[in-house]
Amino acid sequence: MNRLISPFQHLRPTQIIALGFLTVILVGTLLLMLPVASADGTWTPFTDALFSAATSVCVTGLTVVSTANHWSLFGQIIILLLIQLGGMGVVTMMMMTMLIFHRRIGMKNRILLQTAYGWDSLHQIVRLTKKVVIGTLCVEGIGALCYLPVLVRKNGIVGIWQSLFLSISAFCNAGMDIIGDNSLADFRGNVWMNGVTMLLIILGGLGFLVWWELIRLFKEKRKKKITLKASLHKMSLHTKIVLITTAVLLAAGTLLVFVCEFSNPDTLGSLSLPDKLLASVFQSVTTRTAGFYTIPQDKLGNATALGSMFLMLIGGSPGGTAGGVKTVTVAMVFVAVISSVKGREETRVFHRSISDSNVKKGLSIIMLSLSIWFVMTLALCALEQGDFLTVSYETMSAIGTVGLSRNFTGSLHTGGKLIITMMMYLGRIGPITMAAAFLTKKNSEDFIHLPEENIMLG
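This structure is a prediction, so every number in the text was calculated from the model and none was measured.

Caption draft 1: Layout of the overall build of the protein. A count of helices and strands for the protein gives 19 helices and 2 strands. Classification of the 458 residues of the protein by burial places 52% in the buried group. Considering only intrachain contacts with a sequence separation of at least 6, the fraction spanning at least 24 residues in the protein is 69%. For the protein, the accessible area works out to roughly 22,400 Å², and carbon and sulfur atoms hold 66% of it.

Caption draft 2: Structural context of unusual backbone geometry. Located in the positive-phi region is Ser183, a residue other than glycine, with phi close to 50 degrees. Structurally, Ser183 is set in the loop between helix 8 (158-171) and helix 9 (191-206). For Ser183, a relative accessible area of 9% translates into the label buried. The phi dihedral of His351 falls on the positive side, at around 60 degrees, and the residue is not glycine. With respect to the helices and strands, His351 occurs in the loop between strand 1 (347-349) and strand 2 (352-354).

Caption draft 3: Seen up close, the side chain of Thr67. Following the sequence through the fold, Thr67 ends up in the loop between helix 3 (46-57) and helix 4 (73-88). Classification of Thr67 by relative accessible area gives buried; the value is 7%. With near-sequence residues (within four places) excluded, Thr67 lies in contact with Gln76, Ile79, Phe165, Met176, Asp177 and Ile178.

Caption draft 4: Examining the pattern of salt bridges more closely. Per the counting criterion, the structure on display carries 3 salt bridges. The partner of Arg348 in a salt bridge is Glu346, with the nearest N and O atoms 3.3 Å apart. For Arg348, a relative accessible area of 45% gives the class partly exposed. By relative accessible area, which is 38% here, Glu346 ends up partly exposed.

Caption draft 5: Representation of a positive patch on the surface within the structure. The grouping of Arg127, Lys131, Lys219 and Lys223 at the surface amounts to a positive patch. If you list the elements that add at least two residues to the positive patch, you get helix 7 (125-155) and helix 10 (208-224). You can see Arg127 is positioned in helix 7. For Arg127, a relative accessible area of 45% corresponds to the partly exposed category.

Caption draft 6: Structural view of the packing of helix 4 against helix 8. Running from N to C, helix 4 and helix 8 point in directions that differ by 25 degrees, and their axes come no closer than 10 Å. Classed by the angle they form, the pair helix 4 and helix 8 counts as roughly parallel. In terms of crossing hand, the pair formed by helix 4 and helix 8 is left-handed. Facing Leu73, Gln76, Ile77, Ile79, Leu80, Ile83 and Gln84 of helix 4, the residues of helix 8 in contact are Trp161, Phe165, Ile168 and Ser169. Tallied by class, residues from the contact of helix 4 with helix 8 come to 8 nonpolar, 3 polar and no charged.

Caption draft 7: A nonpolar patch on the surface, seen in detail. Side chains of Val27, Leu31, Val36 and Phe74 sit close together on the surface and give an oily, nonpolar patch of about 290 Å² of accessible area. Looking at the secondary structure, you find Phe74 in helix 4.

Caption draft 8: Representation of helix 10 within the structure. Compared with an ideal rise of 1.5 Å per residue, which puts 17 residues at 24 Å, helix 10 spans 24 Å between its outermost C-alpha atoms and is within 8% of the ideal. By the burial criterion, the buried members of helix 10 are Phe208, Val210, Trp211, Trp212, Glu213, Leu217 and Glu220.

Caption draft 9: Broad picture of the environment of Trp161. Mapped onto the elements of the fold, Trp161 is located in helix 8. With 88 residues separating them along the chain, Trp161 and Leu73 place their C-alpha atoms 9.7 Å apart. Here Trp161 is in contact with Leu73, Gln76, Ile77, Leu80 and Ile178, once residues within four sequence places are set aside.

Caption draft 10: Structural context of the environment of Ile429. Position of Ile429 relative to the elements: it lies in helix 18 (residues 414-429). We classify Ile429 as buried; its relative accessible area is 7%. Distance in space between the C-alpha atoms of Ile429 and Cys58 is 8.1 Å, their sequence separation being 371 residues.

Caption draft 11: Structural view of helix 8. Across its 14 residues, helix 8 extends 20 Å between first and last C-alpha, which sits within 8% of the 20 Å expected from 1.5 Å per residue. For helix 8, the tally of buried residues reaches 10 of 14 residues, placing the bulk of the element in the interior. Three or more residues of helix 8 are buried, namely Gly159, Gln162, Ser163, Phe165, Leu166, Ser167, Ile168, Ser169, Ala170 and Phe171. Positive backbone phi, at 60 degrees, marks Asn173, one or two positions downstream of helix 8.

Caption draft 12: Structural view of the packing of helix 12 (residues 237-261) against helix 15 (residues 327-341). The geometry of helix 12 relative to helix 15 is characterised by a closest axis approach of 9 Å and an angle of 95 degrees between their N-to-C directions. Taken together, the axes of helix 12 and helix 15 lie roughly perpendicular to each other. Across from His238, Ile241, Val242, Thr245, Thr246 and Leu249 in helix 12, the residues of helix 15 making contact are Thr327, Val328 and Ala331. Among the residues making up the contact of helix 12 with helix 15, the classes are represented as 5 nonpolar, 4 polar and no charged.

Caption draft 13: Representation of the packing of aromatic side chains within the structure. Considering all chains together, one arrives at 6 aromatic pairs under this definition. Relative to Trp212, the ring of Trp211 lies with its centre 5.7 Å away and its plane at 80 degrees, an arrangement referred to as edge-to-face. Owing to a relative accessible area of 10%, Trp211 belongs among the buried residues under this scheme. Judged by its relative accessible area of 16%, Trp212 falls in the buried class. One aromatic cluster is present, formed by Phe171, Phe208, Trp211 and Trp212 through successive ring pairs. Positioned over the ring face of Phe262 is Lys276, at 3.6 Å from the centre of the ring.

Caption draft 14: Structural view of the side chain of Asn264. Positionally, Asn264 belongs in the loop between helix 12 and helix 13 (273-286). For Asn264, the side chain forms a polar contact with the main-chain oxygen of Lys299, separated by 3.0 Å.

Definitions and limits used
- Residues numbered from 1 in each chain as written.
- Predicted model: local features only at pLDDT ≥ 70, side-chain atom pairs only at ≥ 80, totals over all residues.
- Heavy atoms only, no water.
- Helix = DSSP H or I, 4+ residues; strand = E, 2+ residues; numbered from the N terminus.
- Buried < 20%, exposed > 50% of the residue type's maximum accessible area, 1.4 Å probe, protein only.
- Contact = heavy atoms within 4.5 Å.
- Areas by Shrake-Rupley, 256 points an atom, 1.4 Å probe, with all protein chains shown as cover.
- Salt bridge = Lys/Arg side-chain N within 4 Å of Asp/Glu carboxyl O.
- Patch = residues over 30% accessible without salt bridge, like charges linked within 9 Å, V, L, I, M, F, W, Y side chains within 5 Å.
- Lys, Arg positive; Asp, Glu negative; His and termini not counted.
- Charge placed at Lys NZ, Arg CZ, Asp CG, Glu CD.
- Axes fitted to C-alpha atoms, helices over the stretch in contact; angles between N-to-C directions.
- Parallel < 35°, antiparallel > 145°, perpendicular 65-115°, else oblique.
- Left-handed = near helix turned anticlockwise from the far one by under 90°.
- Nonpolar A, V, L, I, M, F, W, Y, C, P; charged D, E, K, R; others polar.
- Expected span 1.5 Å × (residues − 1).
- Phe/Tyr/Trp six-rings, centres within 6.5 Å; stacked < 30°, edge-to-face > 60°.
- Lys NZ or Arg CZ within 6 Å of the ring centre and 35° of its normal.
- Polar contact = N/O pair within 3.5 Å; in protein donor to acceptor, adjacent residues only side chain to side chain.

Encoded structure:
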């Protein structure tokens, strides 16, 4: 174990994570460039291969070539492996390889795992990592089995491969499929396909720690026969915030799409009432960094597109497969604002207080993400031909690792492709991770408390 990581022993955990994702993207690029990876047996241009590798590892889903038609079986297998690596996390896969070969995981690597998942404790970190891998594979396997009846009936034996690919992509919030170039639009009214896909997306986006806590509380409730109220009382603050914020955002997103698109003939207008509701729920779920669609994104009204961008920015929850600034971050900052307005010194929620350092980090994540989005949108507007809403939608989709597109990605030139590729990478590793990877270590001056002075605000 120590020999394998010795070249990186002087790097900080954030630097190893950033370099780990970059290395996998570059290796994936080289593999996807090979003639054997394309359906027609020709070399894939470097920028297209790089974009495809990045969107797979960063579990985004934006594509410049057709996943279903451009790639051969070998190419699709490479893409699926990259999606799995990106969904679980390169660090997690590396650690599991070490465990398989009976390598000892030392303190440095435990800290690396802790940083990769954003967990606040090293307690049982290796055991939790094993659970992450086993839980992921089990859910993806069950998801594939659920897809089989529909896809095998529709496409024959190839439906088996399509079911596996779609299940892994949905759970990892990658938004890529090999069914066709229409995403899941052909299944717009299929309750089963929509339901399975949404469940996989939500499970991947909740975060693994929330899984384990809910399972633990359920077991305790059954064994000790405690009440539901007692179970909720024992639930951690993190899990409470994740569940409530997720439910509120899903409901709000559904209402927004249903109301704003109800009469739009290009989206929901021609559908029956049940199908309108189903499509609205799916749009709300998929904007949380999944990237599949059942209604055309370029036909959405301005209000729906703007609301979808807000949901894309938020994304899923920490410690899962989703991207974005995360539900907990937005909820914490919202609560901090409410506390400030009420004149409270502390940020309080559910009879608990959140530290100022946590609030500052949350604000930093949001501001850095919005800053990157603004700069890259400005650059893309200068390089490419497209209206502001379409370009903004594309860049927000990239930084949030969502994968929804208003039919703009396929028209990008080399400069535009590189900008979106960079945004997907930054969105996957997180702006804080990237900043911490290149910032210098603290020096003695950072621990000196300077005199305070107030400045005018508002």
